[in-house]
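Here are the chains, one letter per residue:
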Amino acid sequence: MTAGATDLTFLALSLPFVAACLSPVLFRLFGHRAAWLLALAPAAAFLHLSSFIAEVARGETVTGGYAWVPSYNLSFSWYIDGLALVFALLITGIGVLVVLYAGGYMKGHPQQGRFLSFLLMFMGAMLGLVMSDSFLMLFVFWELTSITSFLLIGFDHERPAARRAALQALLVTGGGGLFLLAGLLLLWNIADVTQMSLLLSYGEAVKASPYYLAALLLVLVGAFTKSAQFPFHFWLPNAMEAPTPVSAYLHSATMVKAGVYLLMRLHPAMGGTPVWEILLPVFGGGTLLTGALMALRQTDLKLMLAYTTVASLGLLVMLVGFGSPYAIEAAVLYLVGHSLFKGALFMVAGAIDHETGTRDLTRLGGLRRAMPVTFAAALLAALSMAGLPPFFGFLAKEEIYLALAAGNLRAILFTAVAVCGNALMFAAAFAVALKPFLGKSRDTPRHPHEAPALMWIGPAVLAFAGLAAALLSTPFHALVSSPMATAVRGEATVITVGPIPHLGLPLVLSLATIVLGLAAYLLLDRLRHALARFFQALGPGPDQGFDEVLDVLVRLSVRVTRFVQPGRLDIYLSVTFVAVAGVLLLPLFLWGEAPSMLAFPWPSLPELAMLLIAVIGLVAVLVAVDRLTAIVALGIQGFAVAVLFLLFGAPDLAFTQFMIETLSVVILALVMTRLRLQASDRRPTGQRLADGAIALGCGLGLTLLLLKATEGAFDTALGDFFGAYSKVIAHGANVVNVIIVDFRGTDTLGEIAVVLAAGMAILALIRLGVSARTERSK
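Residues numbered from 1 in each chain as written. Predicted model: local features only at pLDDT ≥ 70, side-chain atom pairs only at ≥ 80, totals over all residues. Heavy atoms only, no water.

A short note on the nonpolar core
So, step 1. Counting 198 residues, the largest nonpolar core has L199, W235, M264 and M270 as the members making the most contacts within it.
So, step 2. Look past the residues within four positions of L199 in its chain and what remains in contact with it is F135, L187, A191, V193, V206, L266 and A269. (Core = buried A, V, L, I, M, F, W, Y, C linked by side-chain atoms within 4.5 Å. Buried < 20%, exposed > 50% of the residue type's maximum accessible area, 1.4 Å probe, protein only. Contact = heavy atoms within 4.5 Å.)

Below, the structure is given as structure tokens:
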């Protein structure tokens, strides 16, 4: 990319974050009409990204970015191929419609500006995630989607259910992100690259590595938690506590697709192995059936759609796990189709709730006359979700059955899973699209009427897009579907499926899906009650298990905190010094690193005299009957060390040591005489012996470490450097002063700050002691 194109792409990536900063101000100025202005940000990003369509369709990639830490090969870089481009276009394109929809849905809400700010940050995080080339950049945006979704799900923070759902989503997806980080670090270790675009060419090396299985499992945990795969699926339906614009965006183009995106991105490097082709189809198929069955159990429109999203994500993971050319093509088509019809249906559910005051399917009916535009959008989206021609969902369904249908037992099993799951989602689609609108009119909390334009533009555009993409399948595949499949497979792929049914097994399976789906739709009430009894018989699910695990974790943390932080300073100090002694002594003796005591020359008579004085001072400290005597005796060691500095020809150090010891004794004496402390040490004998052993261990460890360090040849490089440059650079002849003031200036400033803080704390303690004595005297 040219510098100008790189800057424009960076601007497109940044636009949602800029709009997020402006949102509160614009809503104060223009009210809900500010949504039109804010929608310009994702619209501009969409237009810029659209300029890459022809280039990417030719098999080229768009790369760019900025070096961050070149020595560690870390960069803020992006990689746009068919996969990243389709995701980016869905994120920004649907993002425009969701912002407009939110402007109408949240009209009159006092925090509408804050809500749109969170939504735009969420959009920017997801856009950065799919465009990231750098491992670090991908992880940062990955976790940012978790944080922004936490803010959106818990937007109505006064409701306990919203707070619980937000915390649950954050813990599950954020925790999975930590597993992903570990997996990315392993991939870095295996391939010695930090960019996705480079990793894709190291597929054979990654698969042959002994760390492949560990890296794969870590990555799968991150992907499965993000894309709500069983048994981590429970957070996604609970996220329906968020306002409907969040649900529409979350389920169509953003966070829940992040795990699927990651699996598709890593497919060329990590796919095609037996463990990949076992784990992904098994978990994906299980998630498909679990989500589809749970969807028909619900009566809340949003919950029905949420569980069908769980099922759809399971279907996508299952297809990516199969990894065959047709399976990848089917996954690509279904991902695009799902984004279109699911976004439309969620907006329809929000419009129904907004205009009638309820989302309960059993309380809705006869809305087709009051809400004709919404009904038309719902019907078109449901036809695509059901997989009926000539909608885009039909193309995906045909390709799914073409990919799965075969004569072996494995293929037969997963084909049956796909047919059953699709049939159940067929019933759920028409339950959402038909039951609220057909039949007799029912009394609702609000008098129903058509939603405002801001709320029906989005579902109408997305529903019509699902039809137009199928009718124009040839150019759509050439520009969108085939480049995306090529990127996922890692080799050139051409998708040719069209809206006209072809005779064969896939058509037979599609007809079987329709028959089973119609039966489930007609028997929906009976099926709902049967499913309720079935799941009740199974007992508590993962959702309740999450609460129990969280409760155990909280209670365990309380006990651990009480154990390691009992509030006693003597325990903290003892544990700290035991650790210091262990770190110093264990390596010296376990690995034979203890110094040779015979290799050191004995000290001279003056040196021995100073050492003897230091020992006498130490004994005086131990036997002192009051604290003032102990403080004065403690200064003897410091003065003895200062004399040793003089004997070794370091007068500057000796002078500094004399000053420090004098000030320490004076300050300690002043403080101790003003605080009410025990006159003598009243520790029991056992504690004294234990404390003495700890002190001896630390002292012995430090002594042996110092002796071991001096066994080697003396390296004069540092001394030579300071001697050569102290006067030249710092213009000082006193090397010690130059080191302290210039070379270690920042460190010295920090030490001064610490001394100042300690002095202020001492002053506060003295004043508290004086105040306490004054109060008692009164």
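Quick notes on empty space enclosed by the protein
So, step 1. The tally for this structure, following the rule as stated, stands at one cavity of 30 Å³ or more.
So, step 2. When its volume is computed, the largest cavity comes out at roughly 30 Å³.
So, step 3. Along the walls of the largest cavity sit I53, V56, G82, L85, V86, L89, L479, V480 and P483, which together make up its complete lining.
So, step 4. Among the elements of the structure, α4 (53–57), α5 (82–105) and α22 (473–489) are those that each provide at least two residues to the lining of the largest cavity.
So, step 5. The dominant element in the lining of the largest cavity, judged by the number of residues it contributes, is α5, at four residues. (1 Å grid on protein atoms, 1.4 Å probe; cavity = no way out; pocket = protein on both sides within 12 Å on 5 of 7 lines; lining within 4 Å. Points joined across faces, edges and corners; volume = space filled by probe spheres on them. Helix = DSSP H or I, 4+ residues; strand = E, 2+ residues; numbered from the N terminus.)

Concerning the packing of aromatic side chains
So, step 1. Taken as a whole and judged by the stated rule, the model has 22 aromatic pairs.
So, step 2. An aromatic cluster of three or more residues is present, and its members are F10, Y66, F76, W78 and F141.
So, step 3. Across from the ring centre of F322, 4.2 Å away, lies the NZ or CZ of R410, which sits over that ring.
So, step 4. In this structure, K435 is placed above the aromatic ring of Y521, and the distance from its NZ or CZ to the ring centre is 5.0 Å. (Phe/Tyr/Trp six-rings, centres within 6.5 Å; stacked < 30°, edge-to-face > 60°. Lys NZ or Arg CZ within 6 Å of the ring centre and 35° of its normal.)

Considerations on unusual backbone geometry
So, step 1. With an omega dihedral of 5°, the bond running from F230 to P231 counts as a cis peptide bond.
So, step 2. The topology assignment puts P231 in the loop between α11 (212–226) and α12 (235–238).
So, step 3. Unusually for a residue other than glycine, A228 sits at a positive phi of about 55°.
So, step 4. Judged by relative accessible area, which is 0%, A228 ranks as buried.
So, step 5. Here the phi dihedral of H731 falls at roughly 60°; this positive angle occurs in a residue that is not glycine.
So, step 6. On the secondary structure map, H731 appears in the loop between α31 (717–729) and α32 (735–743).
So, step 7. H731 gets classed as exposed once you look at its relative accessible area, which sits at 66%.

A few points about the pattern of salt bridges
Any two side chains of opposite charge can pair, on the condition that their charged atoms come close.
So, step 1. By the definition in use, this model includes twelve salt bridges.
So, step 2. Between R164 and D543 there is a salt bridge, with its nearest N and O atoms 2.9 Å apart. Residue R164 is located in helix α8 (residues 160–191), and its partner D543 is located in helix α25 (residues 542–564); the two are separated by 379 residues in the primary sequence.
So, step 3. For R164, a relative accessible area of 28% gives the class partly exposed. (Salt bridge = Lys/Arg side-chain N within 4 Å of Asp/Glu carboxyl O.)

Some details on the pairing of strand β2 (residues 74–80)
So, step 1. Counting buried positions along β2 gives six out of seven residues, so the element sits mostly inside the fold.
So, step 2. Inspection of the sheet shows strand β1 (residues 62–69) paired to β2 by seven bridges, in the antiparallel sense. Counterpart to V62 in the pairing with β2 is I80.
So, step 3. Taking the residues between adjacent antiparallel strands as the criterion, β1 and β2 are bridged by four residues, where N73 takes a positive phi near 60°. (Pairing = 2+ DSSP bridges.)

Notes on the packing of α5 against helix α13 (residues 244–252)
So, step 1. One way to put it is that α5 packs onto α13 with a least axis distance of 9 Å and a crossing angle of 170°. Viewed along their axes, α5 and α13 adopt a mutual orientation that is roughly antiparallel. Pair α5 / α13 crosses with right-handed handedness. Between α5, through I91, I94, G95, V98, Y101, A102 and Y105, and α13, the contact on the second element is made entirely by T244, P245, Y249 and S252.
So, step 2. Broken down by class, the residue content of the contact of α5 with α13 amounts to eight nonpolar, three polar and no charged. (Axes fitted to C-alpha atoms, helices over the stretch in contact; angles between N-to-C directions. Parallel < 35°, antiparallel > 145°, perpendicular 65-115°, else oblique. Left-handed = near helix turned anticlockwise from the far one by under 90°. Nonpolar A, V, L, I, M, F, W, Y, C, P; charged D, E, K, R; others polar.)

Details of the confidence of the model for the protein
So, step 1. Residues with a pLDDT of 70 or more make up 96% of the protein, whose mean pLDDT is 87.
So, step 2. Within the protein, α11 carries the highest mean pLDDT (94), whereas helix α33 (residues 745–777) carries the lowest (76). (pLDDT = per-residue confidence, 0-100.)

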